[in-house]
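Geometric and topological summary
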Amino acid sequence: METFAQLGAGFAVALRVDNLIVALLGSFIGTVVGMLPGLGPINGVAILLPLAFALKLPPETALILLAAVYMGCEYGGRISSILLNVPGDAGAIMTALDGNPMAKNGQAGVALSISAWASFVGSTVAILGLILFAPLLANWSLAFGPAEYFALMVFAFACLAGMVGDKPLKTVLAALIGLFMAVVGVDANSGVYRFTFDSIHLSDGIQFISVVIGFFSVSEILLMLENTHRGGKLVKQTGRLIFNLKEFMSTLGTVMRSSIMGFFIGVLPGAGATVASAMAYMTTKRMHDKEGTFGKGDIRGVAAPEAANNASACGSFVPMLTLGIPGSGTTAVMVGALSLYNITPGPMLFTQQPEIVWGLIAALLLANIMLLVMNIPLVGVFSRMLSLPNFLLVPGIAAVSTVGVYAVHATSFDLVLMVVLGVFGYMLRKMHFPMSSLILGFVLGEMLEQNLRRALSISNGELSILFNSPITGGLWLMAIAMVTVPPLLRRRRRKQALAAQAAQV
Amino acid sequence: MTTFRRLALLGTTSALLLTAASAFAEPPRPECIAPAKPGGGFDLTCKLAQSALMDTKLLENPMRVTYMPGGIGAVAYNTIVAQRPADENAIVAFSGGSLLNLAQGKFGKYNVNDVRWLAAVGADYGMISVRADSPYKTLKDLAAALKADPTKVVFGAGGTVGSQDWMKTALIAKQAGVAPQQMRYVAFEGGGEVTTALLGGHIQAASGDISEAVPMLEAGKIRILAVLADKRLPGDLGKVPTAKEQGYDVVWPIIRGFYVGPKVSNEQYAFWEQAFKKAMATPEFAKLRDSRDLFPFSMTGSSLDAYVKRQVREYQKVAAEFGLVNQAN
């Protein structure tokens with residue numbers, strides 16, 4: 001009950017006129033920044049932070065602004081994924097897989113509205129989780145050591161098996177290319193440089209943003225140009241903008257499951273939205289893809305990653321508020337912001353400055369509602385983006401992508417790398433390599449390697465550390481089930497079908 | 001419309017003339033380059049300079065903070081030396097970690113003599129911590145356990161082998177009579193992950209910077225066995241003993257400061273030096289520095305230059321002793 005009294009006090013903070021305006025503004029800016037390829041929540045928050053400071057906003061207002069931007073970005077990233085097949089931010093990569101085919105089938109409005117709804121549910125579930133279980137979960141996240149993270153990554157790779165589909169060799173190859181790119185740069189254990197060819201610019205490894213923009217944005221531009229040259233046809237649009245009841249019901253279970261999954265992954269510092277959305281997409285595909293509709297515009301393939309992505313973003317507030325450990329890059333910037341106000345997030349925050357914590361939580365709920373209300377009517381506006389002619393669209397995407405990549409390191413090297421990867425990605429796409437497994441190999445690979453090596457340096461090479469705890473055991477079992485159960489089920493179903501046929505004859 | 005535009009134009013021109021006249025030798029577009037992503041220590045260093053120089057009106061033009069991450073400052077170092085050597089607008093943040101990498105030849109072909117060291121604005125100190133319920137109450141306990149069985153004490157820190165955090169543990173291990181190669185050391189990414197691993201019981205001791213450890217210390221979650229400073233720190237941290245007083249002569253300050261490009265003119269260098277000198281003499285600066293959890297360490301111009309070069313030589317010696325230099329080059 002005490003929790004609700006405090007939440008009430010939080011709403012008193014969040015409902016102040018200035019805080020409401022700030023939340024609305026933040027939500028809008030966040031959506032726009034999230035939508036632009038290359039610019040993600042980290043950029044949005046980093047750009048607005050000095051502004052909040054310059055305007056001398058009180059700490060709770062500044063935090064509300066940053067949190068609203070963060071949430072807005074998670075909403076906005078899906079828009080360019082669906083409409084242009086260019087992920088607006090890292091969490092939205094998986095959304096493109098089914099979102100863009102839906103848009104190409106003329107269902108852009110439906111894809112946009114269902115993903116807005118899924119985002120809303122994801123965030124709401126996660127915020128409720130944050131309110132009810134934050135202190136409990138903080139302890140749970142501590143139980144995750146290197147061995148547990150390694151087992152989690154193995155589970156994620158096992159989910160990847162669901163992506164294999166009809167091109168197993170190409171999927172595996174693409175994942176391996178991703179894994180290879182992940183090892184470039186300074187080795188976080190020994191400090192030795194690997195595959196950097198003595199270039200300072202590669203010392204931190206290949207930047208995630210250069211890979212995403214290169215493989216998705218630049219290669220997409222090249223494909224668009226090719227289509228223009230051939231006189232490609234414009235995507236037609238159907239009248240319906242909002243999902244109907246049938247679509248709503250068919251995604252409900254998926255959305256709830258993905259939200260809960262996303263929240264738990266978000267709570268773990270170091271996993272994040274990319275992993276959450278990928279795992280949600282892959283488990284959903286594994287469970288529901290009976291007719292092979294995933295990847296061709298299945299509405300559940302749009303809802304799952306979006307719910308998980310937003311839930312994970314909210315989940316990353318749990319370790320930040322309770323332990324002072326940021327659960328994502330964006331919350332890391334927020335921790336920096338708080339320290340400018342002389343507030344140190346951590347175990348003492350809930351007792352020492354409850355108005356900040358509960359004001360933030362209440363503001364998250366409000367911003368979430370604002371975002372849903374804002375995003376549904378905007379569906380019509382956004383889906384009109386599809387009718388933009390390529391001579392406007394292509395330079396636009398190119399310009400924004402370039403800015404996004406340049407913003408990371410402010411060196412032209414990254415731009416060259418982006419173009420090189422883009423051309424390489426274009427060739428791979430022409431050969432029908434799945435880009436999403438490449439990206440997952442890249443993202444998961446680094447975490448897989450680092451955590452394996454950390455675990456082994458704790459145990460001095462003793463492999464038993466990888467299986468000994470209850471959490472690792474559970475994750476290994478889930479991973480094995482993920483790989484073995486679906487093929488078994490499929491075989492049984494086929495046998496049953498054959499038997500049924502035989503019976504009919 | 002035209003009149004309005006002409007007026008506006010006139011206004012801008014006179015404003016430009018005014019700033020040019022009043023700010024003698026001040027660079028027109030001051031910029032602080034934080035050689036990391038937003039939010040880290042370099043960012044804080046830049047924000048400190050930004051507030052200090054602007055609050056005291058020593059800079060007339062607003063100072064921007066820009067980010068150029070890569071190799072603990074390597075990318076920024078190379079960019080400044082090779083592409084913007086005479087850019088008087090830009091000051092670049094550095095830390096003890098940058099100097100250590102510079103000493104190990106990890107900054108590419110450039111060395112410590114390739115930039116002009118400008119000002120140090122504060123320092124942090126290394127520390128060794130354990131979980132609050134750990135059986136190790138003092139550094140001696142930890143060292144004894146380490147000596148008895150090096151496999152029983154797993155150290156974790158936010159840097160690779162050869163980094164500052166590793167050096168701190170290696171120096172203590174060495175003084176405890178344990179070869180650094182024998183010690184179990186786990187490299188995490190950043191202090192947050194280390195804290196999680198320490199609290200979760202995945203590692204037994206953590207090496208890091210003391211300012212980062214303050215919130216966890218106040219919350220009663222960890223115990224700091226030793227601060228690697230010359231003498232006890234001021235304020236609340238005064239109750240933390242130094243390694244030195246426990247009989248382990250390990251001192252590890254992490255200074256934070258700025259450098260400028262090698263071809264920045266003497267006048268411009270003097271302008272920046274004076275600005276920092278004046279700013280650091282004010283009580284406001286002390287407040288700003290304290291709020292960023294930095295300890296006093298003010299040094300500018302030639303004395304800093306000498307200090308940095310001495311440090312780098314020192315680091316080279318230690319690195320060679322631990323067999324790290326060959327690996328790097």
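Residue numbers restart at each chain and count upward from 1, following the sequence in its written direction. Chain letters start at A and ligand numbers start at 1, both assigned in the order the entries are written. pLDDT decides what is reported in this predicted model: residues at 70 or higher carry local features, side-chain atom pairs at 80 or more are listed and counted, and totals for whole chains, interfaces and linings draw on all residues regardless.

Once that is clear, we can look at the overall build of chain A. Put simply, DSSP H or I for four residues or longer makes a helix, DSSP E for two residues or longer makes a strand, and each gets a number counted from the N terminus. Across its full length, chain A carries 20 helices and two strands. Note on method: radius of gyration uses C-alpha positions; expected globular size equals 2.2 Å times residues raised to 0.38. By the compact-globule yardstick of 23 Å for 505 residues, chain A fits well, its C-alpha radius of gyration being 22 Å. By principal-axis analysis of the C-alpha atoms, chain A measures approximately 70 × 60 × 60 Å. Scored against the burial criterion, the 505 residues of chain A give a buried share of 57%. Residues are scored as being in contact if the C-beta atoms we place from backbone atoms lie within 7 Å. Summarising the internal contacts of chain A: among those between residues at least 6 apart in sequence, 80% fall at separations of at least 24. Any residue with 12 or fewer other C-beta atoms within 10 Å of its own C-beta is exposed, any with 20 or more is buried, and the rest are partly exposed; the C-beta atoms used are placed from the backbone.

Let us now look at the overall build of chain B. Counting its regular elements, chain B contains twelve helices and ten strands. Sorting the 329 residues of chain B into buried and exposed places 53% on the buried side. Considering only residue pairs separated by 6 or more positions, chain B has 79% of its internal contacts joining residues 24 or more positions apart.

Moving on to helix H11 (residues 301–321) of chain B. Residue and element names in this part refer to chain B. In this analysis, the expected span of each helix is defined as 1.5 Å times one less than the number of residues it contains. End to end, H11 covers 31 Å across 21 residues, agreeing with the expected 30 Å (1.5 Å per residue, within 8%). Every buried residue of H11 is listed here: Leu304, Val308, Tyr315 and Ala319. End-on view of H11: buried residues confined to an arc of 45°, all on one side of the axis. Turned more than 90 degrees away from the buried face of H11, the exposed residues are Ser302, Ser303, Ala306, Arg310, Arg313 and Lys317. Among the residues trailing H11, Gly323 stands out with phi positive, at a value near 70°. Taken from the helix axis, the directions to the C-beta atoms give the arc we talk about.

Turning our eyes to something else, we now look at the domain arrangement of chain B. A common way to express how large an interface is: the accessible area buried when the components associate. All names here are of chain B. Domain limits in this description derive from either an automatic procedure or a database domain assignment. The domain boundaries assigned to chain B delineate domain 1 (30–124 + 254–328) and domain 2 (125–252). At the junction of the two partners, domain 1 supplies 14 residues and domain 2 supplies 13 residues. Among the secondary structure elements, those contributing two or more residues to the side of domain 1 that touches domain 2 are helix H4 (96–103), strand E4 (116–131) and H11. In terms of residue count, H4 provides more of the side of domain 1 that touches domain 2 than any other element does, three residues in total. Only Asp, Glu, Lys and Arg are considered charged, only Ala, Val, Leu, Ile, Met, Phe, Trp, Tyr, Cys and Pro nonpolar, and every remaining residue, Gly among them, polar. Each residue belonging to the side of domain 1 that touches domain 2 can be placed in one class, and the counts come to nine nonpolar, three polar and two charged.

Another aspect to go through is unusual backbone geometry. A positive phi angle, close to 65°, is found at A:His432, a residue other than glycine. Here A:His432 falls in the exposed class, since 10 other C-beta atoms lie within 10 Å of it. Positive phi, close to 60°, is recorded for B:Asp293, a residue that is not glycine. Considering the arrangement of structural elements, one finds B:Asp293 in the loop between helix H10 (283–291) and strand E10 (299–300). Classification of B:Asp293 as buried rests on a count of 20 C-beta atoms within 10 Å.

All names here are of chain A. Note on definitions: angles span 0 to 180 degrees between N-to-C directions of axes, and those axes are lines fitted to C-alpha atoms, for helices only across the stretch in contact. Packing of helix H4 (residues 59–84) against helix H14 (residues 329–340) leaves a shortest axis separation of 11 Å and a crossing angle of 170°. Here H4 lies roughly antiparallel to H14, going by the angle between them. For the pair H4 and H14, the contacting residues are Ala62, Leu63, Leu66 and Tyr70 in the first and Thr330, Met334, Ala337 and Leu338 in the second. Partitioning the contact of H4 with H14 into residue classes produces seven nonpolar, one polar and no charged. What sets the label is the angle itself: under 35 degrees gives roughly parallel, over 145 gives roughly antiparallel, 65 to 115 gives roughly perpendicular, and the rest give oblique.

This next bit is on the interface of chain A and chain B. The interface is formed by 37 residues belonging to chain A together with 43 residues belonging to chain B. Those elements that provide at least two residues to the side of chain A that touches chain B are H14 and helix H19 (435–459) of chain A. With four residues, the top contributor of residues to the side of chain A that touches chain B is H14(A). The class makeup of the residues in the side of chain A that touches chain B is 18 nonpolar, 16 polar and three charged.

All names here are of chain A. Split into domains, chain A comes out as domain 1 (1–140 + 246–408) and domain 2 (145–206 + 434–505). The C-alpha-based centres of domain 1 and domain 2 are spaced at 26 Å. Counting from both sides, the interface comprises twelve residues of domain 1 and, opposite them, 13 residues of domain 2. Secondary-structure elements contributing two or more residues to the side of domain 1 that touches domain 2 are helix H5 (93–104) and helix H11 (273–288). It is H11 that contributes the most residues to the side of domain 1 that touches domain 2, eight residues altogether. For the side of domain 1 that touches domain 2, a count of residues per class yields seven nonpolar, three polar and two charged.

On to the pairing of strand E1 (residues 31–34) of chain B. Residue and element names in this part refer to chain B. Between any two strands, pairing holds if DSSP finds at least two bridges. Two strands pair when backbone bridges link them, and E1 and strand E2 (residues 64–67) are joined in this way by four bridges, in the parallel orientation. Residue Cys32 lies in a different strand from E2, and its bridge partner there is Val65. Looking at chain direction, E1 and strand E3 (residues 90–95) are connected through three bridges and run parallel. Its bridge partner lying in E3, Cys32 is registered against Ile91.

Turning next to the environment of A:Met427. All names here are of chain A. Along the chain, the position of Met427 falls in helix H18 (residues 412–430). Judged by the 12 C-beta atoms lying within 10 Å of it, Met427 is exposed. In this structure the C-alpha to C-alpha distance between Met427 and Ser250, which are 177 residues apart in sequence, comes to 37 Å.

Moving on: the environment of A:Gly359. All names here are of chain A. With respect to the helices and strands, the residue Gly359 is situated in helix H16 (residues 354–383). Under the C-beta neighbour-count criterion, Gly359 is labelled buried, with 27 such atoms within 10 Å. Beyond its immediate chain neighbours, meaning those up to four positions away, Gly359 contacts Gly10, Val13, Ala14, Glu60 and Ile64.

Nonpolar cores are built from buried Ala, Val, Leu, Ile, Met, Phe, Trp, Tyr and Cys residues. These are joined into a set through C-beta atoms within 7 Å. Counting residues in hydrophobic clusters, the biggest one holds 275 residues, and the most contacted among them are A:Leu66, A:Ala67, A:Ala156 and A:Ala363. In this structure, A:Ala363 is in contact with A:Ala14, A:Asn19, A:Ala23, A:Ile64, A:Ala67 and A:Ala68, ignoring residues within four places of it in sequence.

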